[in-house]
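# Architecture at a glance
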Amino acid sequence: MSEVEEKRIKSSEIDPKFKYEIAQMHGGEKLMRCFQCGTCTSDCPIAKFSDTYRPRQIIRMAQLGLRDRVLNSDTLWLCASCFTCTDRCPQDVEVASVIRVLRNLAAQKGFVPQVFREQASSILETGYAYKIPELRMKKRETLGLPPLPKGNPKNIRKTLQEVGFFKLIESKGEKSGGK
Ligand code: SF4
Ligand code: SF4
């Protein structure tokens, strides 16, 4: 399939209820206020360094009801949650929060990129988002730095168990629709 064909929107992809679903969730209420001015994209620090990440586009896809397209999109996970877009939006759209809502919906379908699954596994195992190499620990010692505080994965596990987090990171959703 050519790139143009891939981008073409088919009526079968549109879910008219999607925007209402988002608007019912905390942070998604003002989704329909967006008039596509592009301020969020032009001020977004991630969009500056990416050819594909465009918050304005994500908002538009959500408004149009392109559920699968937006939830399957890997770019959804590039947002750094800096809230610049939310601060600058002339329509008061909580862009960063809409993206969080979309990520939550994506995660419920099992669409979590591998890198985040690995990060989650590391938190569960060590209490840290990244496994800190032994060599780095030794280097701290030679520099006279104190040891890092121990993570508390037991407590983290207990909390995450309650919210069904394990099922989310274990499940692998079948990607459907276009990217
Ligand atoms: S800044 Fe606000 S109104 Fe403008 S495109 Fe982004 S979300 Fe829409
Ligand atoms: S919160 Fe996300 S979308 Fe908004 S400006 Fe920051 S990185 Fe960009």
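It should be noted that the structure appears before, not after, this text.
Structure report, in brief. (Residues numbered from 1 in each chain as written. Chains lettered and ligands numbered in written order. Predicted model: local features only at pLDDT ≥ 70, side-chain atom pairs only at ≥ 80, totals over all residues. Heavy atoms only, no water.)

The next thing to look at is the site of ligand 2. In the vicinity of ligand 2 there are 14 residues, among which Cys 44, Tyr 53, Cys 79, Cys 82 and Cys 85 approach most closely. Listing elements by their share of the shell around ligand 2, those giving two or more residues are α6 (84–88) and α7 (95–108). Among the residues forming the shell around ligand 2, the class breakdown is 12 nonpolar, two polar and no charged. (Near = heavy atom within 4 Å. Helix = DSSP H or I, 4+ residues; strand = E, 2+ residues; numbered from the N terminus. Nonpolar A, V, L, I, M, F, W, Y, C, P; charged D, E, K, R; others polar.)

It is worth spelling out the site of ligand 1 at this point. Taken together, 13 residues form the shell around ligand 1, and within it Cys 34, Cys 37, Gly 38, Cys 40 and Cys 89 come nearest. By residue class, the composition of the shell around ligand 1 is eight nonpolar, four polar and one charged.

Let's shift gears to the pattern of salt bridges. One pass over the structure, following the stated rule, counts nine salt bridges. Residue Arg 67 is joined to Glu 21 by a salt bridge in which the shortest nitrogen-to-oxygen separation is 2.5 Å. Residue Arg 67 is located in helix α5 (residues 67–72), and its partner Glu 21 is located in helix α2 (residues 18–23); the two are separated by 46 residues in the primary sequence. Since its relative accessible area comes to 26%, Glu 21 is described here as partly exposed. (Salt bridge = Lys/Arg side-chain N within 4 Å of Asp/Glu carboxyl O. Buried < 20%, exposed > 50% of the residue type's maximum accessible area, 1.4 Å probe, protein only.)

Looking now at the packing of aromatic side chains. Taken as a whole and judged by the stated rule, the model has one aromatic pair. With a centroid separation of 5.3 Å and 45° between ring planes, the pair formed by Trp 77 and Phe 116 is classed as tilted. In this pair, Trp 77 sits in the loop between α5 and α6 while Phe 116 sits in helix α8 (residues 114–126), placing the two residues 39 residues apart along the sequence. Since its relative accessible area comes to 12%, Trp 77 is described here as buried. With a relative accessible area of 29%, Phe 116 lands in the partly exposed category. (Phe/Tyr/Trp six-rings, centres within 6.5 Å; stacked < 30°, edge-to-face > 60°.)

Relative to the assigned elements, Thr 84 resides in helix α6. Taking the relative accessible area as the measure of exposure, Thr 84 reaches 17% and is therefore buried. For Thr 84, the contacting residues outside a window of four places in its chain are Asp 43 and Pro 45. (Contact = heavy atoms within 4.5 Å.)

Across its 13 residues, α8 extends 18 Å between first and last C-alpha, which sits within 8% of the 18 Å expected from 1.5 Å per residue. Buried within α8 are the following residues: Arg 117, Ala 120, Ser 122 and Leu 124. Of the residues one or two after α8, Gly 127 is the one with positive phi, at around 90°. (Expected span 1.5 Å × (residues − 1).)

This part covers helix α4 (residues 55–64). Among the residues of α4, those classed as buried are Pro 55, Ile 58, Ile 59, Met 61, Ala 62 and Gln 63. Once α4 ends, the next one or two residues include Gly 65, with phi positive near 85°.

Of all hydrophobic cores here, the largest spans 32 residues; its most connected members are Phe 18, Ile 22, Leu 71 and Leu 102. Secondary structure elements with two or more residues in this core: α2, α4, α5 and α7. Top element by residues in this core is α7. It accounts for nine residues. Beyond its immediate chain neighbours, meaning those up to four positions away, Leu 71 contacts Phe 18, Leu 76, Leu 102, Leu 105, Ala 106, Lys 109 and Phe 111. (Core = buried A, V, L, I, M, F, W, Y, C linked by side-chain atoms within 4.5 Å.)

A cluster of nonpolar side chains, namely Ile 9, Ile 14 and Leu 64, defines an oily patch on the protein surface of about 220 Å² accessible area. Positionally, Ile 9 belongs in the loop between α1 (3–7) and α2. Note on Ile 9: relative accessible area 42%, which makes it partly exposed. (Patch = residues over 30% accessible without salt bridge, like charges linked within 9 Å, V, L, I, M, F, W, Y side chains within 5 Å. Areas by Shrake-Rupley, 256 points an atom, 1.4 Å probe, with all protein chains shown as cover.)

Contact pair α4 / α7: the axes reach a minimum separation of 11 Å and the direction vectors enclose 60°. Relative to α7, the element α4 lies oblique. Crossing handedness for the pair α4 and α7: left-handed. Where α4 approaches α7, its residues Pro 55, Ile 58, Ile 59 and Ala 62 are matched on the opposing element by Val 95, Val 98, Ile 99 and Leu 102. Looking at the contact of α4 with α7 residue by residue, the class counts come to eight nonpolar, no polar and no charged. (Axes fitted to C-alpha atoms, helices over the stretch in contact; angles between N-to-C directions. Parallel < 35°, antiparallel > 145°, perpendicular 65-115°, else oblique. Left-handed = near helix turned anticlockwise from the far one by under 90°.)

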